[in-house]
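Chain by chain, the residues run as shown.
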Amino acid sequence: MPASSERTAVLPGEVALHARPAGAFVKDAARFQSSIAVAANGKRANAKSILEVLGLGATGGTELTLSASGDDAAEAVDHLATLVTELAE
Amino acid sequence: MPGVTTEGGENGYVGLILVSHSASIAEGVAELVAQVAGQEVPIVAIGGASDGSLGTDGGKVLEALRSAAAGPGAVVLMDLGSSVLAVRAAQGELSPAELESVVVADAPLVEGALAAGVTASTGASAPEVAAAAEEARVASKL
């Protein structure tokens, strides 16, 4: 039974999850073995797919829910939650 | 030299070859991908006919595919019409070994290149990069 982990992170007020920040997010997500989802605005995206992540349309201040399933699930959500709160334009 | 080449090169990352009727489109997409995916992924932008008008320079396309096949490989994305025909013609000139390392993606150019570039920047193989590009056919924007 793979480990699973979930936590939320809020985008900084001035940073939307648009092209460059989304690229940084997806590149880091891809380093983990776990499958990782990110949800916002009632939508859910594969955190390793730039197009799905962009499709969330998450603007600054949006709360993202990160959930992962796999051996490194806890590290993945912790790492990505930190990344999200530290994103800059 | 066939258009824009980002830093990457001999670093082992699968590259992108972007083929458009317009040099501005090809170079603009390359610029966008480099901004989102980072500078590691080699990108060759090929746009316009040999006289600089709108069109496709089949010689440049073949040269780019050959050069990528000699390195870590590449995924090719194109806009439509003669760009597609030029890529297919160039594929026909490659050896079976070269064809294994240069994968053509059936995907929209801008969205496909973005997905491909980010995936390539993670060290993915050419087939994985092409598959990411092809997801652009179904990814919803709204």
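Small disclaimer: the values here were computed from a predicted structure and weren't measured.

Whenever I open this one, the overall build of chain B confuses me. Can you help?
Regarding its fold elements, chain B presents 6 helices and 4 strands. On C-alpha atoms alone, chain B measures out to a radius of gyration of 13 Å, which is about the 14 Å that the 2.2 N^0.38 rule sets for 142 residues.

Help me understand the confidence of the model for chain B, please; the structure alone is not making it clear to me.
Regions with low pLDDT should not have their predicted coordinates read in detail. Residue and element names in this part refer to chain B. Of all residues in chain B, 93% have pLDDT values of 70 or greater, and the mean over the chain is 91. Throughout residues 1–9 the model reports pLDDT below 50, and contacts reaching past four residues in sequence, or to other chains, amount to 32 contacts. Across the assembled chains, the prediction reports ipTM 0.86 with pTM 0.89.

Sorry if this is basic, but what is going on with the interface of chain B and chain A here?
Note on interface size: it is often stated as the accessible area lost on association of the parts. Between chain B and chain A, the residue contacts involve 14 residues of the former and 11 residues of the latter. Secondary structure elements with two or more residues in the side of chain B that touches chain A: helix H1 (23–37) and helix H5 (109–120) of chain B. Tallying contributions element by element places H5 of chain B first for the side of chain B that touches chain A, with 4 residues. Here the residues of the side of chain B that touches chain A are counted per class, giving 7 nonpolar, 4 polar and 3 charged.

Just checking my understanding: could you explain the sheet that holds strand S2 (residues 35–40) of chain A for this structure?
Paired through backbone hydrogen bonds, the strands of a sheet run either parallel or antiparallel to each other. All names here are of chain A. Pairing within the open sheet is antiparallel, and its 4 strands lie in the order S1-S4-S2-S3. Edge positions in the sheet fall to strand S1 (4–10) and strand S3 (43–46), since each of these pairs with one other strand and no more. This sheet shows a mean twist of 20° between the axes of neighbouring strands, independent of strand direction. Note that S1 and strand S4 (residues 63–69) share 7 bridges and pair antiparallel. Residue Val10 lies in a different strand from S4, and its bridge partner there is Glu63. In the packing of helix H3 (residues 73–86) onto the sheet, contacts are made with S1, S2 and S4, and the angle to S1 comes to roughly 5°.

Explain the sheet that holds strand S2 (residues 43–47) of chain B to me, please; I cannot follow it from the model alone.
Residues and elements named next belong to chain B. Taken together, 4 strands build an open sheet; the order of strands is S2-S1-S3-S4 and the sheet is parallel. A single partner strand is all that each edge strand has here, and the edge strands are S2 and strand S4 (102–104). Taking the axes of each pair of neighbouring strands and ignoring which way they run, one obtains an average angle of 20° across the sheet. Where strand S1 (residues 15–20) and strand S3 (residues 74–78) come together, 5 bridges link them in parallel fashion. Within the sheet, the bridge partner assigned to Leu18 lies in S3 and is Leu77. Along the sheet, H5 contacts S1 and S3; its crossing angle with S1, the most-contacted strand, is approximately 170°.

In this structure, what is going on with the packing of H1 of chain B against H5 of chain B? I would like to understand it.
Two packed helices can be described by the angle between their axes and the distance between those axes. All names here are of chain B. Where H1 meets H5, the closest approach of the two axes is 9 Å, and the angle between their N-to-C directions is 35°. Helix-helix and strand crossings are classified by hand; for H1 and H5 the assignment is right-handed. In contact with Val29, Leu32, Val33, Val36 and Ala37 of H1, H5 contributes Leu109, Val110, Ala113, Leu114, Gly117, Val118 and Ala120.

Quick notes on the rules
Residues numbered from 1 in each chain as written. Chains lettered and ligands numbered in written order. Predicted model: local features only at pLDDT ≥ 70, side-chain atom pairs only at ≥ 80, totals over all residues. Helix = DSSP H or I, 4+ residues; strand = E, 2+ residues; numbered from the N terminus. Rg over C-alpha atoms; globule rule 2.2 N^0.38 Å. pLDDT = per-residue confidence, 0-100. Contact = placed C-beta atoms within 7 Å. Nonpolar A, V, L, I, M, F, W, Y, C, P; charged D, E, K, R; others polar. Pairing = 2+ DSSP bridges. Axes fitted to C-alpha atoms, helices over the stretch in contact; angles between N-to-C directions. Left-handed = near helix turned anticlockwise from the far one by under 90°.

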